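The lines below spell out each chain.
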Amino acid sequence: MMSLPFFGFTLAFVGILAGQRRLSIALLALSLIATLVLFKFHATDALAISL
Amino acid sequence: MTPALSRTLNALGLLGICAVLMVAFVDQLAFGELPCPLCLLQRAGFVGVAAALALNVRFGPRPSHYGLMILAAAVGFTVAVRQMLLHIAPGDPGFGAPFLGLHFYTWAAIVFAVVIVGAAALLLFDRQFSFDPGLPTWSGLALAALGLGLIMALGNGVSTVLECAGGLCPDNPTSYLLLQEGGLKNFFAP
């Protein structure tokens, strides 16, 4: 599951090389969203600081 | 700034981001330091920045490409700062060995901040966005940068599958889950 953003970005690169701009932008945006979702799963501990 | 100069600068930036990802790979493969989950997410941020730079290199500079670049850098910066704050208390040794006096996540936060400022600065040059129908011609630099970016994205994907199998990565990874005995069973493990 952690590899999903990387493979999404890989497909975006393939789209860029193939001249598919809109598809590449969509894949890039989806991969960024996937990265944020994975970050939510891994940012569960409370920080030991006072803000 | 002409569109051609902008594409060259973006190609150089793409090579720079690929160099950052290669340093991380050298640390992983030569020194055996497996990336933690937050480290992997920072790598994903760098690959996202690389893809946005590649859009400028391939299709010519556009404000939307710079916007994606800033968003990808903001995602990576957020993850890096989160990891910095996890280790900010006095006496905390941090995660992993320092590199040139700073931990990788601190370097990552600095580089992401530089990307955000750099992209914002490049957005100030309007002439690069002059309409240019059709795809720009290939240059050796553009081809090398895009090829290397693709290899970095795919390489990180394969490395992450080997390390974490099909689930979420352990917080402190010590071995490649998929390379252990019976590793393929781990592929579908949570």
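Residues numbered from 1 in each chain as written. Chains lettered and ligands numbered in written order. Predicted model: local features only at pLDDT ≥ 70, side-chain atom pairs only at ≥ 80, totals over all residues.

Participant: So what about the overall build of chain B? Which residues, and what values?
Facilitator: Helix and strand content of chain B: six helices and zero strands. The order of helices and strands in chain B, counted from the N terminus, is α-α-α-α-α-α. In terms of principal-axis extent, the alpha carbons of chain B reach across some 55 × 40 × 25 Å. Residues counted as buried form 41% of the 190 residues belonging to chain B. For chain B, the proportion of contacts with a sequence separation of at least 24, taken over those separated by at least 6, is 73%. (Helix = DSSP H or I, 4+ residues; strand = E, 2+ residues; numbered from the N terminus. Buried ≥ 20, exposed ≤ 12 C-beta atoms within 10 Å, placed from the backbone. Contact = placed C-beta atoms within 7 Å.)

Participant: Requested: an account of the interface of chain B and chain A, with residues and values cited.
Facilitator: Tallying the contact residues gives 39 residues for chain B and 29 residues for chain A. Those elements that provide at least two residues to the side of chain B that touches chain A are α2 (37-59), α3 (63-86) and α5 (140-164) of chain B. By residue number, the principal contributor to the side of chain B that touches chain A is α2(B), which donates 14 residues.

Participant: Explain α2(B) to me, using residue names and the numbers behind them.
Facilitator: With 23 residues, α2(B) should cover 33 Å at 1.5 Å per step; its first-to-last C-alpha distance of 33 Å lies within 8% of that length. With 23 of 23 residues buried, α2(B) lies mostly within the body of the structure. (Expected span 1.5 Å × (residues − 1).)

Participant: Can you explain unusual backbone geometry? Please cite residues and give values.
Facilitator: A positive phi angle is found at Leu100(B), which is not glycine, with a value near 55°. Position of Leu100(B) among the secondary structure elements: in the loop between α3 and α4 (104-122).

Participant: So what's going on with the packing of α3(B) against α4(B)? Which residues, and what values?
Facilitator: Each pair of packed helices gets described by two things: the angle between the helix axes and the distance between those axes. Residue and element names in this part refer to chain B. Interaxial distance between α3 and α4 falls to 8 Å at its minimum, and their mutual angle equals 155°. Here α3 lies roughly antiparallel to α4, going by the angle between them. Relative to α4, the crossing made by α3 is left-handed. Residues Tyr66, Met69, Ile70, Ala73, Ala74, Gly76, Phe77, Ala80, Val81, Gln83 and Met84 of α3 form the contact with α4, whose own contacting residues are Tyr105, Thr106, Ala108, Ala109, Phe112, Ala113, Val115, Ile116, Ala119 and Leu122. When grouped by side-chain class, the residues that make up the contact of α3 with α4 number 18 nonpolar, three polar and no charged. (Axes fitted to C-alpha atoms, helices over the stretch in contact; angles between N-to-C directions. Parallel < 35°, antiparallel > 145°, perpendicular 65-115°, else oblique. Left-handed = near helix turned anticlockwise from the far one by under 90°. Nonpolar A, V, L, I, M, F, W, Y, C, P; charged D, E, K, R; others polar.)

Participant: Before we move on, can you summarise the packing of helix α2 (residues 21-42) of chain A against α3(B) with the specific residues and values?
Facilitator: Interhelical geometry of α2(A) versus α3(B) gives an angle of 15° and a closest axis separation of 11 Å. Taken as axis vectors, α2(A) and α3(B) run roughly parallel relative to one another. Judged by the twist between their axes, the crossing of α2(A) over α3(B) is left-handed. Of α3(B), the residues touching α2(A) (which contributes Ile25(A), Leu28(A), Leu32(A), Thr35(A), Leu36(A) and Phe39(A)) are Leu68(B), Leu71(B), Ala72(B), Val75(B) and Val79(B). Considered class by class, the residues forming the contact of α2(A) with α3(B) number ten nonpolar, one polar and no charged.

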